[in-house]
Amino acid sequence: MSLLARNRQQLLSFGCCYLRICLKYILMPCLMDVASTFNSQRDPTELKESLKDLYAWHAIPLLNYTPLHKLKDQCLVRFRGMIQDMMDPEIYLECYEVKSTDGNKRVQHGKYHDCLKLAAGEAIDYNADSNVHGERRTLFVVSVPGLNDWTKQHESKCSPQPQLVSQTQWPNNAKKRTLDDQEAMEVEDDNDAALKRKCVETTKSTSDDATAAAPSVLGSEYLINSPLPSRPSMACMVKVYEDFDSYKLNSLVDFVGILSVDPSLDAATIDTEGFDSLSELQATHPSPFLIPRLHAFGVRQLPHANPLLDKSLQQPADAGASEDPSQSSVHKDLRMLLKLCLFDDDLAAEYLLSHLISSVYSRSEMQSIGKFALNICNLPKDSLAEYTTKLYQVLELLLPASHYLPMTLETMNTAAFAPKKDYETNKLVSGMLQLAPHTHLVLDETCMQQGKLEANGVHAVQHLAHLINSQELKCDFQYYQIDYHVNIPVLVLSEGRSMLPSDFVLPINADTKAVQLLDESLKAAHHYLQPARLQQFRKYLTLARISPFNVSDEHTEMIQQDFVDMRKANSKSNADDLHGLLVLSRLLGIARGKDALDKETWQLATEFEAKRRQRLQALPKSAAQIRN
């Protein structure tokens, strides 16, 4: 048997053992006043049906912006975020029979609960024929990494106050029973216990020193697992009960469900006897006050992170106070703004605008179609000190989610860029490139100093290059690697040509006066961005990115003929050049409010590309590998 097959077999065995552990430790009965709890006999489909009304969805408070001390256990909440990890399946009691000391029996529903509900003097009949076991999955969800301040502020305004849903809050004074009271819940015999120990041991490191060095208590930063440590996210463990295959890593989701913050969910309250991996126990059972649980029955996949265009959010009263101008008018104003920030370079403004509305809209086996990785280079040396950060400050005012990454030697050599599986805790530890779709990544190469890239730095460059070329992110599972599709527009700012690949390299043609007046120009740009105009630009960029665009058969023939002429004029022209022209012409058309390619837009794209190539030829030769 190969090493990969053997490792996979061990992991599958470990998963089976983990399910048995879940049965014993997750499905612990609770003592509570049944009369004061939510009516669990109610058909959950009624709740789902009510959520089809957007007003009902809007009325539920957002856990992202509501402190936990203002929410009661078992109340209705929402959580919006990115799926960062998918944990092992859990087996739970969907229905179970409860018997009292006087002999009476009743059937209780366990769905959407972490703890089984009992009144005083009641016990669970684990051998009852009416018991039904179900399966649920736990998704580790973090608030959207790289969400910009204006996005958070707008979402916060859209979140109702908790008292608006006070009638749906269900008090819970539950306590877990001790393990001595759980003998009837025993689900594994001596052979199973021996198998469990064996399976867990096979996934541990063979080094005793490494095991001894592991910390006894996992830190909150490790448990929350923010992809961007400098911009911490909030975490929530969301339990889903159906359509397991519809959830994808790194996707954006809005969940509605029942909040579970019972203190007994904390690993610190669980008897650890019989557990071989205390680190895994802590990772899968963190304090609910650090990482709350949410049992979801309402789910909305989010196509973007722009709250201004999100129907699942109740927009503030002043959000639609003024009418939006025409798309052509907004395009003209935005292009003027970008030109002002790019040393009065009109061509650079066109390419940057195209980059800002770009998106991968189709994939083939070898290509991610629609990506527009842009390298803006030849930045004036006199302006390098602060220009890149000031340009980013303008961009983050326009984009819902973005991240500025200075490529210093320290960052490249020490930071974690790609996610990596930690088998000691059974957790996918995040990296800086694990970002939500359409999170704009700005790489600043002007920060690089002379020095040596160590092994981590070399791997970082490889991960960045793979992301740019394929729009895929490699996740390291130690025994193998898995590529996950991403949709992350990458902008590289550099003095010379970037060492990273890109789809379009554009040297800045800086106007001398514009360089001298840079500070004044950037101040003017911020003054120009008044609230109403900002709203227009923010809506425009998102709407343009999701707009459809078609190419008719007539224009397909025109493109083919133009490409033949290009090959005659320049034998080095290839399919990549044609692909670049198609992507650029599509974005230029969308930016101008068109839904189909026309001859004018195609000619504009070929004109822009000719100008860009002339600028490239004027630059000094470089050993860096670039496209075009």
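Computed from a predicted structure; not experimentally measured. The residue count restarts for each chain, going from 1 along the sequence in the order it is written. Two thresholds apply to this predicted model, a pLDDT of at least 70 for residue-level local features and 80 or more for giving and counting side-chain atom pairs, whereas whole-chain, interface and lining totals are computed over all residues. In computing side-chain values, all of the structure's heavy atoms are included and hydrogens and water are not.

Looking at the packing of aromatic side chains
The criterion for an aromatic pair is that two Phe, Tyr or Trp rings (for Trp, the six-membered ring) have centres within 6.5 Å, with stacked assigned to planes under 30 degrees apart, edge-to-face to planes over 60 apart and tilted to the rest. Under the criterion given, the structure shown has 12 aromatic pairs. Ring centres of Phe372 and Phe504 lie 4.3 Å apart, and the angle between their planes is 20°; this geometry places the pair in the stacked category. Of this pair, Phe372 sits in the loop between strand 13 (368–369) and strand 14 (374–377) while Phe504 sits in strand 22 (residues 504–507), and the two are 132 residues apart along the sequence. The exposure classification of Phe372 matches that of Phe504, with both residues buried. Note on Tyr423 and Tyr479: the rings are 5.4 Å apart at their centroids and 45° apart in plane angle, and the pair reads as tilted. Here Tyr423 is found in the loop between strand 16 (420–422) and strand 17 (427–429), whereas its partner Tyr479 is found in the loop between strand 19 (472–476) and strand 20 (481–485), with 56 residues between them in sequence. Only DSSP runs of H or I reaching four residues or more are called helices, and only runs of E reaching two or more are called strands; each is numbered from the N terminus. Accessible area is worked out with a 1.4 Å probe on protein chains only. A residue is then buried under 20% of its type maximum, exposed over 50%, and partly exposed in between.

Observations concerning helix 16 (residues 531–545)
The length a helix should cover is 1.5 Å for every residue beyond the first. Here helix 16 is 15 residues long and its end C-alpha atoms lie 22 Å apart, about the 21 Å a rise of 1.5 Å per residue gives. Those residues of helix 16 that sit buried are Leu534, Gln536, Phe537, Arg538, Lys539, Tyr540, Leu541, Thr542, Ala544 and Arg545. Should any heavy atoms of two residues lie within 4.5 Å, those residues are counted as being in contact. Buried residues along helix 16 sit in contact with helix 4 (149–157), helix 9 (327–341), helix 10 (346–356), helix 11 (384–398), helix 15 (518–528) and helix 18 (575–591).

Looking at the packing of helix 9 against helix 15
Two elements in contact, helix 9 and helix 15, have axes whose closest approach is 8 Å; the angle formed by their N-to-C orientations is 155°. By the angle between their directions, the pair helix 9 and helix 15 is classed as roughly antiparallel. Of the two elements, helix 9 crosses helix 15, and the hand of that crossing is left-handed. Seen from helix 9, the contacting residues are Asp333, Met336, Leu337, Leu340 and Cys341; seen from helix 15, they are Ser521, Leu522, Ala524, Ala525 and Tyr528. In this analysis, axes come from line fits to C-alpha atoms, helices being fitted only over the stretch in contact, and the angle between any two N-to-C directions falls in the range 0 to 180 degrees. Roughly parallel refers to an angle under 35 degrees, roughly antiparallel to one over 145, roughly perpendicular to one between 65 and 115, and oblique to any angle outside these ranges. By convention the crossing between two helices is left-handed if the near helix lies anticlockwise of the far one by an angle smaller than a right angle, and right-handed if it lies clockwise.

Considering the nonpolar core
Counting residues in each nonpolar core, the largest one holds 61 residues, and the members touching the most others are Leu334, Leu342, Tyr351, Leu374 and Leu541. In terms of residues, this core owes the most to one element, helix 18, which gives 8 residues. Once you skip the residues sitting within four places of it in the chain, Leu541 turns out to touch Leu334, Leu353, Leu356, Ile357, Leu398 and Leu399. Of all hydrophobic cores here, the second largest spans 24 residues; its members include Leu228, Leu405, Ala415 and Leu464. Nine residue types can take part in a nonpolar core, namely buried Ala, Val, Leu, Ile, Met, Phe, Trp, Tyr and Cys, and a core is a set of them joined through side-chain atoms within 4.5 Å.

With respect to the confidence of the model for the protein chain
Confidence per residue, as judged by the predictor, is encoded in pLDDT with a range of 0 to 100. Residue-level pLDDT values for the protein chain average 83, and 82% of them are 70 or greater. The spread of mean pLDDT over the elements of the protein chain runs between helix 5 (residues 190–202), the lowest at 32, and strand 21 (residues 490–493), the highest at 98. Here residues 1–41 is modelled with pLDDT under 50, and outside its nearest four sequence neighbours on either side it reaches 107 contacts, counting other chains as well. Confidence drops under a pLDDT of 50 for residues 164–215, and excluding neighbours within four residues, the segment shows 85 contacts in the predicted structure.

Points about the pairing of strand 10 (residues 252–260)
Most of strand 10 sits out of view: 9 of its 9 residues are buried. At least two DSSP bridges between two strands are required for those strands to pair. The pairing of strand 2 (residues 76–86) with strand 10 spans 7 bridges and is classified as antiparallel. Its bridge partner being in strand 10, Gly81 is matched across the sheet by Val253. With 8 bridges joining them, strand 10 and strand 11 (residues 293–301) adopt antiparallel strand pairing. Pairing of Ser260 across the sheet is with Arg293, part of strand 11.

Things to note about the packing of helix 9 against helix 11
Two elements in contact, helix 9 and helix 11, have axes separated by 11 Å at closest approach and are oriented at 165°. The orientation of helix 9 with respect to helix 11, classified from their angle, is roughly antiparallel. Note on packing geometry: the crossing formed by helix 9 with helix 11 is right-handed. Together, Leu334, Leu337 and Cys341 of helix 9 and Tyr387, Leu391, Val394 and Leu398 of helix 11 make up the contact between the two elements. Only Asp, Glu, Lys and Arg are considered charged in this grouping, and only Ala, Val, Leu, Ile, Met, Phe, Trp, Tyr, Cys and Pro are considered nonpolar; every other residue, Gly among them, is considered polar. Classifying every residue of the contact of helix 9 with helix 11 by side-chain character gives 7 nonpolar, no polar and no charged.

Remarks on the sheet that holds strand 14
Taken in spatial order, the 5 strands line up as 15-18-21-14-22 in an open sheet, and their pairing is parallel. Each end of this open sheet is capped by a strand with a single partner; those strands are strand 15 (402–406) and strand 22. In this sheet, adjacent strand axes meet at a mean angle of 15° when their direction is disregarded. Two elements, strand 14 and strand 22, share 4 bridges in a ladder whose sense is parallel. Following the sheet pairing, Ile376 is matched in strand 22 by Leu506.

Here's the deal with the environment of Gln393
One can find Gln393 in helix 11. Here Gln393 falls in the partly exposed class, since its relative accessible area comes to 38%. Along the sequence, Gln393 and His526 sit 133 residues apart, while their C-alpha atoms lie 9.3 Å from each other.

Focus on unusual backbone geometry
The backbone of Asp243 sits at a positive phi, close to 50°, despite the residue not being glycine. By relative accessible area, which is 54% here, Asp243 ends up exposed. Residue Gln471 is not a glycine yet carries a positive backbone phi of 50°. Among the structural elements, Gln471 can be located in the loop between helix 13 (455–470) and strand 19.

Here we look at the pattern of salt bridges
By definition, a salt bridge exists where a carboxyl oxygen of Asp or Glu is found within 4 Å of a side-chain nitrogen of Lys or Arg. Going through the model one piece at a time under the given rule, you end up with 28 salt bridges. Ionic pairing is found between Asp114 and Lys239, a salt bridge with its closest N-O pair at 2.8 Å. Separated by 125 residues along the polypeptide, Asp114 in the loop between strand 4 (105–109) and strand 5 (116–118) and Lys239 in strand 9 (residues 235–240) bring together distant segments of the chain. Accessibility assignment for this pair places Asp114 and Lys239 in one class, buried. Here Asp344 and Lys339 are joined by a salt bridge, their closest N and O atoms 3.9 Å apart. Note on Asp344: relative accessible area 43%, which makes it partly exposed. Salt bridges sharing common partners tie together Arg78, Arg80, Glu155, Asp254 and Asp310.

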